[in-house]
Amino acid sequence: MSKPLHSSLSQSLGNLTNWKQETYGLAGETTYGKFRVLVYNDNTVRLQVTLEAQFEDFSYAVIASPQGNSITILDQPSELVLKIPGFVLTIGKYPVRFSFYTHHDQLINEDDTFGTSWNGEQVTTYKKLQGGERFIGLGEKTGPLDRKGHGYENYNTDNFAYTPNGDPLYSSMPFYIGIHHNLAYGIFFDNTYKSYFNFGASNDRFSSFAADAGEMNYYFIYDDSVAQIIKHYTELTGRMEMPPLWSLGYQQCRYSYYPDKEVMNLARTFREKDIPADVIVLDIHYMESYKIFTWSKRDFPNPKALLDELKGMGFRVVVICDPGIKVEDGYKAYEEGVRDGVFIKYPDGTNYKGQVWPGWCHFPDFTNPGARKWWRDHIQEYIKVGVSGLWNDMNEIATWGNMLPENMEMDFEGNKSTMRRARNIYGFQMARSSYEAAKSSMKNTRPFNLTRSGYSGIQRYSAVWTGDNVAYDDHMLLGVRLVSSLGLTGVAFAGYDVGGFVGDASTKLFARWISVGAFSPFFRGHSMINSRDSEPWAYGEEVEQISRNYIKFRYQLLPYIYSLFYEAVQTGMPVQRSLAIDYTHDPKIYNGLFHNEYLLGPYFLVAPIDSGKDLARVYLPQGLWYYLYDGHRHSGNSEVIVDCPLHKLPVFVKAGAVVPMQPIKQHTGEVTQTIILHIYTGDSSTFNFYEDDGMSYDYQKEDYCLRRLSHDHQKRSLLISDAEGTYKSSAKRFKLVFHGLDENSHRVIVNGSELNLTRDLNISFVALEKFDPIHDPDPAPQQNVHTVDFEYIREEVLVQY
């Protein structure tokens, strides 16, 4: 029999047949399935749509619970209306479709005619494209800032030397933000099967998100700003804990530094060349035949003595951890893993074997609590010899052939499933296991944890880096966009391999890349085996000086950067911020000429530019902006052309800024005795300046020092609040550096006492006073820079200028 002309091979949810109110929302049945709406807070609801008898309540990503209190439900002839303080959800009855409105009846988001539909096992939700709609976020995805017209796949993959448009990559963060008509909303699709996002790619009708199996399970978030949406998203998926301060310094890595004598020579060279650094990272050659939890007897015969000596020089050591456990009799980790049944298995109960660096390996099932305990017991051996951080690699899972069997079975905390559901969560669970293991073993000391693969919520356990990048300009700029996009999805601690992992960076490229990296949350140089040396001194005298300058400037900025991490802990705000957070509805920021620009915190606008250019066109959004190097002021909402020789990355500081800084250090373990506050006049702002011991979890017991810096342009004043918390800062002096004061300014009043200002054209940033000893030996003069210093006190300080 022939089919009707408009019949469909896919099936939508159908019409409403009945519904009931529940404690935190409502549930309904339709002619084809069922749905449930749960309220999580005033701005967030969860929608579940399924064909199964029961709704799925298991998630590794979400740590929040429904808790809506102010819910109103109206049953109208053609629709149900659910009102919460933040917005209104209407549920059409014939057929069931979901639409979201403001309380002023402005449409935020609505289902397309297809609504939620099934095509076999695959489930998809279709959303009508709104006029002028843009899409941002989705985590570690290549392409432009505005993802309109693009499609993406989430299927964590070892994508070696990925192209600027390569997809998928190593991590999946299925959260995006839609923007239109001065509105913004967020959608988090919490389904770990292979998933797909279409933002109007190959069609002009809808955006959509889909998964190969499982239920349609998404969270809808609406508030008045992108920053607030990120805050609500991280309320769902969690926020990071404070990182160890040393992990924010410069980290040097290579595949690989060995033997131990080479590692020591590397450390000595940093100190001899006056280039600050805190971390040396050991790649797989520290192991015996690439077997995790071992040390090479030949190359690292006494790892504890080595790590103790490095620590005495101010260096911490981070070691790589791969999940593959070599199948080898006599290898303790293998034998105990087989005994304890911790490895991933086929349906017939045999342990899966895949080939990777050590040879044929088994792989722990990190969704099994027993496997996580086994992992913790072995990680303790690293901690005992002095390892301070763990680098989780190859955890997509990467194997030779890059084709994981999908029929492998995983525990899922007793809710057994297959690798189809587990692949996108495997790296997340490995990073979780490593973090929990190190945290428990190190007692009250913070570990550093880094992962290549992850899923939404990974920020609770680990920093993320963008994998095996390539040494050319487009990849450098892509890395910047990836980190900004990760920030939009809650991952505040992220970065890329400075200089490029694959290939050989040119001298110009390395110089530019390290200047960009100095303004990145995670700052690490890394390079591949059989490539040229890629340390800061490996590219000649000029690049060595440029590297030294920017690394030193990074260390001067650490009080500011550390405070940004405190904000990430408190609110989920990223450290590196896409301009779409603060300037969401400015169309210029989405222009391909300017979409690499970002803010480091609220104040520093960084404009990455490729290494072959000596002039840069920079877009300055609304506000007043100071050029970092000479203090020249530029009005916002404008494009400016600036010189950008290798030693001058285009960077601007926003008027009103109060930037806490410190004198130059060789490593973060050196004591800070002077807090330097750089005050950029011309506007007002507030900033929370945060300090703690940089090492322990005592800050969670209020052992911290938090001071609110309130700059009032109209009153020409800076108010430094009383110190909150019990931590006693090591600072003995405050030094204030004013930018933009009149040339004839001579005095300030500090808590009623008049103090003299000193005018010094070259006082601003010691590390950037002498950029290039060969081509530009003279420092760039600062305009109207005045300084004053006085005793540090914990009580309130009022400065009038």
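Residues numbered from 1 in each chain as written. Predicted model: local features only at pLDDT ≥ 70, side-chain atom pairs only at ≥ 80, totals over all residues. Heavy atoms only, no water.

Engineer: Sorry, what's going on with a nonpolar patch on the surface here?
Structural biologist: A cluster of nonpolar side chains, Y290, W357 and W400, forms an exposed patch at the surface whose accessible area comes to about 290 Å². Looking at the element boundaries, W400 is found in the loop between β26 (389-392) and β27 (409-410). (Patch = residues over 30% accessible without salt bridge, like charges linked within 9 Å, V, L, I, M, F, W, Y side chains within 5 Å. Areas by Shrake-Rupley, 256 points an atom, 1.4 Å probe, with all protein chains shown as cover. Salt bridge = Lys/Arg side-chain N within 4 Å of Asp/Glu carboxyl O. Helix = DSSP H or I, 4+ residues; strand = E, 2+ residues; numbered from the N terminus.)

Engineer: What is the right way to read the sheet that holds strand β24 (residues 354-356) from this model?
Structural biologist: One open sheet holds the three strands; their spatial order is β23-β25-β24, and the pairing between them is antiparallel. Strand pairing shows two members of the sheet lacking a second neighbour, β23 (325-326) and β24, which therefore form its edges. Here β24 pairs with strand β25 (residues 359-362) via three bridges, running antiparallel. Looking at β25, one finds that V356 is bridged to G359. (Pairing = 2+ DSSP bridges.)

Engineer: How should I be thinking about the pattern of salt bridges in this particular structure?
Structural biologist: Across all of its chains, the model carries 39 salt bridges by this definition. For R548, the salt bridge is made with E544, and the minimal N-O distance between the two is 2.6 Å. On the criterion of helical spacing, the pair formed by R548 and E544 is a turn pair, its members being four residues apart in helix α9 (residues 541-571). Like R548, the residue E544 is buried in the burial classification. Of the charged contacts in the structure, one is a salt bridge between R733 and D789, with a shortest N-O distance of 2.9 Å. Placement of the pair is R733 in strand β47 (residues 733-739) and D789 in strand β51 (residues 785-791), with a sequence separation of 56 residues. Taking the relative accessible area as the measure of exposure, D789 reaches 41% and is therefore partly exposed. Shared partners join several salt bridges into a network, and the residues in it are D158, D393, E396, R452 and D468. (Buried < 20%, exposed > 50% of the residue type's maximum accessible area, 1.4 Å probe, protein only.)

Engineer: Is there a simple way to explain helix α4 (residues 332-340) in this structure?
Structural biologist: For the α-helix, the turn length of 3.6 residues means that residues three or four positions removed from each other point alike. For α4, the full list of buried residues reads A333, Y334 and G337. For α4, the angular spread of the buried residues around the axis is 100 degrees, confining them to a single face. Where α4 terminates, the next one or two residues include G341, which has phi positive at roughly 65 degrees. (Arc of directions from axis to C-beta.)

Engineer: Explain the nonpolar core here, please?
Structural biologist: Taken as a class, soluble globular proteins show a tendency for nonpolar side chains to be buried jointly. Residues W295, Y382, F519, Y560, F604, L736 and F738 are the most contacted members of the largest nonpolar core, which totals 222 residues. Considering each element in turn, this core owes the most residues, 16 residues, to α9. With sequence-adjacent residues up to four places away left out, Y560 is seen in contact with L600, G601, P602, Y603, F604, V659, P660 and F687. In this structure, F87, W118, L129 and Y218 belong to the second largest nonpolar core, which totals 42 residues. (Core = buried A, V, L, I, M, F, W, Y, C linked by side-chain atoms within 4.5 Å. Contact = heavy atoms within 4.5 Å.)

Engineer: I would appreciate a short explanation of the environment of P301 in the present structure.
Structural biologist: Inspection of the secondary structure puts P301 in the loop between β21 (279-282) and α3 (303-312). The exposure class assigned to P301 is exposed, which follows from its relative accessible area of 56%. Taking C-alpha positions, P301 is 9.4 Å from P259, a pair spaced 42 residues apart along the chain. Ignoring any residue separated from it by four or fewer positions in sequence, one finds P301 in contact with D260 and S296.

Engineer: It is not clear to me how the sheet that holds strand β16 (residues 183-189) should be interpreted in this structure. Could you clarify?
Structural biologist: Sheet strands pair by backbone hydrogen bonding; their relative direction is either parallel or antiparallel. The strand order across the open sheet formed by eight strands is β2-β3-β4-β5-β19-β16-β15-β12, and the pairing between neighbours is antiparallel. Each edge of the sheet is formed by a strand with only one pairing partner; in this case those strands are β2 (16-22) and β12 (134-137). Direction aside, the axes of adjacent strands within the sheet are offset by 20 degrees on average. Relative to strand β15 (residues 175-180), β12 runs antiparallel, the two being bridged by four bridges. Across the sheet, I136 pairs through a bridge with I177, a residue of β15. (Axes fitted to C-alpha atoms, helices over the stretch in contact; angles between N-to-C directions.)

Engineer: Just checking my understanding: could you explain the pairing of strand β8 (residues 88-93) for this structure?
Structural biologist: Regular strands show a simple pattern: their side chains alternate between the two faces of the sheet. Extensive coverage of β8 is indicated by the burial of six of its six residues. Burial along β8 is two-sided: the face carrying V88, T90 and G92 and the face carrying L89, I91 and K93 are both buried. Pairing geometry for strand β7 (residues 79-83) and β8, over five bridges, is antiparallel. When the bridges of β8 are listed, K83 appears paired with V88. Linking two consecutive strands that pair antiparallel, namely β7 and β8, is a turn of four residues. With six bridges connecting them, β8 and strand β9 (residues 96-101) associate as antiparallel partners. By the bridge assignment for β9, L89 is matched with F100. Following β8, the chain reverses through two residues before pairing antiparallel with β9.

Engineer: Please explain empty space enclosed by the protein as it appears in this structure.
Structural biologist: A water-sized probe rolled over the atoms picks out the places where empty space is left. Taken as a whole and judged by the stated rule, the model has four cavities of 30 Å³ or more. Its boundaries defined by the atoms lining it, the largest cavity holds a volume of some 170 Å³. If you go around the largest cavity, you meet 19 residues; those closest to its centre are M240, E241, Y435, Y461 and S462. The class makeup of the residues in the lining of the largest cavity is 13 nonpolar, three polar and three charged. (1 Å grid on protein atoms, 1.4 Å probe; cavity = no way out; pocket = protein on both sides within 12 Å on 5 of 7 lines; lining within 4 Å. Points joined across faces, edges and corners; volume = space filled by probe spheres on them. Nonpolar A, V, L, I, M, F, W, Y, C, P; charged D, E, K, R; others polar.)

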